[in-house]
Amino acid sequence: MAREFPRMSKTDKRHSTSRAGLLHTDPRTISAVRDKLGEELRAMYGRLADEPLPDRLLKLVWQLDQPHSKGKP
């Protein structure tokens, strides 16, 4: 028994074609987009790296760095 698949509308075909085109994008374009995205993210979040961590978070990080004894998680 043959399985029937739903027909694609013109809109579905257009979107599927445009997505397929992304796979054939020039690597230089992809690199440029990635670089620009990195710049934008650094501009938005770069200041966060300069802010001090709250004491509660520092304590948690310190605890996670401590070796655990056998039998305890």
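Just above sits the structure.
In every chain, residue numbers begin from 1 and rise along the written sequence. Side-chain atom pairs in this predicted model are given and counted only at pLDDT of 80 or more, local residue features only at pLDDT of at least 70, and totals for whole chains, interfaces and linings cover all residues. In computing side-chain values, all of the structure's heavy atoms are included and hydrogens and water are not.

Trainee: Tell me about the overall build of the protein chain, and name the residues and values.
Mentor: Put simply, DSSP marks the helices as runs of H or I at least four residues long and the strands as runs of E at least two long, and each gets a number from the N terminus on. Across its full length, the protein chain carries 3 helices and 0 strands. Along the protein chain, helices (α) and strands (β) appear in the sequence α-α-α when read from the amino end. By residue count, 1% of the 73 residues in the protein chain fall in the buried class. Each accessible area value is a Shrake-Rupley result obtained with a 1.4 Å probe; residue values ignore everything except the protein chains displayed when judging cover. Of the roughly 7,800 Å² that the protein chain leaves accessible, carbon and sulfur atoms contribute 60%. Here's how the labels work: a residue is buried when its accessible area is under 20% of the maximum for its type, exposed when over 50%, partly exposed in between, all with a 1.4 Å probe on protein chains only.

Trainee: Hey, could you go over the pattern of salt bridges for me, with residue numbers and the actual values?
Mentor: By definition here, a salt bridge exists when the distance from a side-chain nitrogen of Lys or Arg to a carboxyl oxygen of Asp or Glu is within 4 Å. Going through the model one piece at a time under the given rule, you end up with 2 salt bridges. The closest approach of N and O atoms between Arg28 and Asp26, which form a salt bridge, is 2.8 Å. Glu40 is the salt-bridge partner of Lys36, the closest N and O atoms lying 3.2 Å from each other. Taken together, the residues span about one helical turn, with Lys36 and Glu40 both in helix α2 (residues 27-45) at a distance of 4 residues. We classify Glu40 as partly exposed; its relative accessible area is 39%.

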